[in-house]
Amino acid sequence: MDIKTHDGTANFVPGTVLDIHHITAAQLAGLGMEEIAFVKPVMTENGPAFAIHAADGTPMAIASNAPLAAAAIIQNDMVPSLVH
């Protein structure tokens, strides 16, 4: 795994175990916050939709379906991940 800081320097120590249930914002940023976006099914006043969030949980957009959400993420040079 190649985790780098925002300035491009590596900060991952081989053998390190990261518990995602207790991850800090700084650790999350090191895991590619600017490269990964999460798609999460949500209920809106207009019915079911798919929220797009940055890796740190910041809401970025909403789409009417999962493929549209994934396409928006890919179009912005990020990798989509589905959260259920």
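Definitions and cut-offs
- Every residue gets a number counted from 1 within its own chain, in the order that chain's sequence is written.
- Per-residue local features are limited, in this predicted model, to residues with pLDDT of at least 70; the limit for side-chain atom pairs, both in listing and counting, is 80 or more; totals at the level of whole chains, interfaces and linings are taken over all residues.
- To get the side-chain values, all heavy atoms of the structure are used, and hydrogens and water are removed first.
- Strands here are runs of E lasting at least two residues and helices are runs of H or I lasting at least four, both read from the DSSP assignment and numbered beginning at the N terminus.
- Remark: exposure states derive from per-residue accessible area (1.4 Å probe, protein chains only) relative to the maximum for the residue type, with buried under 20%, exposed over 50%, and partly exposed in between.
- Should any heavy atoms of two residues lie within 4.5 Å, those residues are counted as being in contact.
- Values of accessible area rely on a 1.4 Å probe in the Shrake-Rupley scheme; residue burial ignores everything except the protein chains shown.
- Within 3.5 Å is the distance limit for a polar contact, defined as a pair of N or O atoms, with the added protein rule that one can donate a hydrogen and the other accept it, and that residues adjacent in sequence qualify only through two side-chain atoms.
- Only buried residues count toward a nonpolar core. Its members are Ala, Val, Leu, Ile, Met, Phe, Trp, Tyr and Cys residues joined through side-chain atoms within 4.5 Å.
- When DSSP locates at least two bridges between a pair of strands, those strands are taken to pair.
- Interaxial angle, 0 to 180 degrees, is taken between N-to-C directions of lines fitted to C-alpha atoms, where a helix line uses only the stretch in contact.

Engineer: Even after reading the chapter, I still don't get the overall build of the protein chain, so can you show me in this structure?
Structural biologist: Looking only at helices and strands, one finds 2 helices and 4 strands in the protein chain. Counting from the amino terminus, the protein chain carries its helices and strands in the arrangement α-β-β-β-α-β. Across the 84 residues that make up the protein chain, the buried fraction comes to 21%. Of the contacts made within the protein chain by residues no fewer than 6 positions apart, 29% connect residues no fewer than 24 positions apart. If you sum the accessible surface of the protein chain, you get close to 6000 Å²; carbon and sulfur atoms cover 61% of it.

Engineer: Can you help me understand the side chain of H53 in this one?
Structural biologist: Within the secondary structure layout, H53 lies in strand β2 (residues 47-54). Among the polar contacts made by the side chain of H53, one reaches the main-chain carbonyl oxygen of G57 at a distance of 3.1 Å.

Engineer: Would you take a moment to explain the nonpolar core for this structure?
Structural biologist: Here is a general trend for soluble globular proteins: nonpolar side chains tend to be buried in one another's company. Among the nonpolar cores identified, the biggest contains 7 residues, and these are A37, V39, I52, A63, A69, I73 and M78. Residue assignment for this core shows that the elements contributing at least two residues are β1 (36-44) and α2 (66-75).

Engineer: Help me out: how do you make sense of the environment of H53 in this one?
Structural biologist: H53 sits in the buried class, given a relative accessible area of 17%. As a C-alpha pair, H53 and F38 span 15 residues in sequence and 5.1 Å in three-dimensional space. Beyond its immediate chain neighbours, meaning those up to four positions away, H53 contacts A37, F38, K40, T58, P59 and M60.

Engineer: Please clarify how the sheet that holds strand β4 (residues 79-82) should be interpreted in this entry.
Structural biologist: Hydrogen bonding along the main chain pairs the strands of a sheet, whether they run parallel or antiparallel. On the basis of which strands lie adjacent, the open sheet formed by 4 strands has the order β3-β2-β1-β4 and mixed pairing. The sheet terminates laterally at β3 (59-63) and β4, the two strands that pair on one side only. Taken pair by pair, the neighbouring strands of this sheet meet at an average axis angle of 35 degrees, ignoring direction. Pairing of β1 with β4, which is carried by 4 bridges, proceeds in the parallel orientation.

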